[in-house]
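# Understanding the architecture of this molecule
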Amino acid sequence: MTIEAINEQLLRAIGVGVALLDRKTLQFGFRNDTFEDWFSGENRPTELRQLFPDLDVQALQDGLTHTGRHASEIRFKKKRRTLVVALDFTAAEDDVLVLVCQNITRIKELESMIDSYSMMVERNTREIKREKEQVEKLLLNIMPRSVYEEFKTFGVVTPQMYDPVSVLMLDFVGFTDMVASEDPSVTVTELNDIYSAFDRIGEQFGCERIKTIGDAYITVAGLPDPTPDHAKAIANTAIRFVRYLKRRNLSHPHQWQCRIGLSTGSVVGSVVGIQKYVYDIFGPAVNLASRLQEFSEPMQITVQNSVANVLKDQFDLENVGKKAIRGFGEQDIWQLSDSN
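Predicted model, so just to flag it, every value in this text is computed and none were measured. (Residues numbered from 1 in each chain as written. Predicted model: local features only at pLDDT ≥ 70, side-chain atom pairs only at ≥ 80, totals over all residues. Heavy atoms only, no water.)

What follows covers the overall build of the chain. Helix and strand counts for the chain stand at eleven helices and 13 strands. Whereas a compact globule of 340 residues would reach a radius of gyration of roughly 20 Å, the chain reaches 41 Å, over 25% beyond that. Taken along its principal axes, the extent of the C-alpha atoms in the chain is 120 × 45 × 40 Å. Taken over 340 residues, the chain has a buried fraction of 39%. Within the chain, counting contacts between residues at least 6 apart in sequence, those at least 24 apart form 56% of the total. Accessible surface, the chain: about 19,900 Å² in total, of which carbon and sulfur atoms supply 51%. Measuring between centres, the 39 positive side-chain charges of the chain sit 2 Å from its 48 negative side-chain charges. (Helix = DSSP H or I, 4+ residues; strand = E, 2+ residues; numbered from the N terminus. Rg over C-alpha atoms; globule rule 2.2 N^0.38 Å. Buried < 20%, exposed > 50% of the residue type's maximum accessible area, 1.4 Å probe, protein only. Contact = heavy atoms within 4.5 Å. Areas by Shrake-Rupley, 256 points an atom, 1.4 Å probe, with all protein chains shown as cover. Lys, Arg positive; Asp, Glu negative; His and termini not counted. Charge placed at Lys NZ, Arg CZ, Asp CG, Glu CD.)

See the structure below:
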């Protein structure tokens, strides 16, 4: 077997089509079996332009002139399948042009599959990132950021004592009757609007909203980061809660009236629950704020004596006498007023 025959068999074995052309006329002079199998039809074109009418002949000639080579790709239908073939033209001696064709259909299919997979992975990554952000946003709505960071890192939250902090406890007058008589969707919408405003006000003074229970709203100053003027911060927050409701009532048909209790003391903060997480606080300051809120008249802020002593030089306070506070004995209580 001659060298030429061996080369021919090798070329067929690796699926490469080879043709020799006249460089000037682009007439075919030789085509191997693979080339014939791919491109020979009933008419068996004898000239390159007839076989590949979409080929840019000018670009071919320019490439051969400058570099002696030109590469291109073509697509054609063979039976029911579209094949992609890479064309590699090389100028040889005696005005001979060597055309080597390689079937890259599978490569293109794999590239398409990789592109599709990459797009799917990118899309899934974006969805996972979006879901993670939504989960993070949800958890940050129910716990302070520092607590969330601890929970994210370790999977648990260590209960922590905060002392001292100031606690604000608020509820609405006549809320039970309103729920029974009003459209539930309207009630929830208005409550959501009010609580959102309360959250924004609390953020201005460094307060951390702990939770809402129906018409009860609890926020704390001095947690999780210690704040020297936590009593002042909680007082400013309470005053602006009342101020906001008064302004809102001027333009809304339903008149919201709140009662607020303020206290200072120690609390324990921690995440409670296994499947449904809730960040909550417990301790004397929480209980006292709840008791003081019960003594408040509508749109009034009731303050314990120790808080009043801290605030008396900066806020308008009125002593309303001693009251027997369940669980705390008899104490002086004060009404905090908005001086504006």
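Here the narrative resumes.
On to the nonpolar core, then. Core analysis: the biggest nonpolar cluster contains 37 residues, and L170, F172, F198, L245, I260, L262 and I301 have the highest contact counts within it. For this core, the element with the highest residue contribution is helix α9 (residues 230-249), accounting for ten residues. Core analysis: the next-biggest nonpolar cluster, separate from the first, contains 23 residues, L55, L60, F89 and C101 among them. (Core = buried A, V, L, I, M, F, W, Y, C linked by side-chain atoms within 4.5 Å.)

A sheet is described by the order of its strands in space; here five strands give the open sequence β2-β1-β5-β4-β3, paired in antiparallel fashion. Each end of this open sheet is capped by a strand with a single partner; those strands are β2 (28-31) and β3 (69-78). Across the sheet, the mean angle from the axis of one strand to that of its neighbour is 25 degrees, orientation sign disregarded. The sheet contact formed by strand β4 (residues 81-91) and strand β5 (residues 96-103) spans seven bridges and is antiparallel. (Pairing = 2+ DSSP bridges. Axes fitted to C-alpha atoms, helices over the stretch in contact; angles between N-to-C directions.)

Within the sequence span of helix α6 (residues 145-154), burial applies to V147, Y148 and F151. On an axial view of α6, the arc spanned by its buried residues comes to 100 degrees, and they lie on one face. Exposed and facing more than 90 degrees away from the buried side of α6 are T153 and F154. Buried residues belonging to α6 abut α5 (105-142), β9 (258-272) and β10 (278-282). (Arc of directions from axis to C-beta.)

In this structure, T237 sits in helix α9. A polar side-chain atom of T237 sits 2.8 Å from the main-chain carbonyl oxygen of A233. Apart from residues lying up to four places away in sequence, T237 is in contact with L168, I201, G202, F205 and C207. (Polar contact = N/O pair within 3.5 Å; in protein donor to acceptor, adjacent residues only side chain to side chain.)

This paragraph deals with the packing of α5 against α6. Two elements in contact, α5 and α6, have axes whose closest approach is 8 Å; the angle formed by their N-to-C orientations is 130 degrees. Comparing their axes, α6 and α5 come out oblique. By crossing handedness, the relation of α5 to α6 is classed as right-handed. Every residue of α6 that contacts α5 at E136, L139 and L140 is listed here: R145, Y148, F151 and K152. A breakdown of the residues in the contact of α5 with α6 according to their chemical character gives four nonpolar, no polar and three charged. (Parallel < 35°, antiparallel > 145°, perpendicular 65-115°, else oblique. Left-handed = near helix turned anticlockwise from the far one by under 90°. Nonpolar A, V, L, I, M, F, W, Y, C, P; charged D, E, K, R; others polar.)

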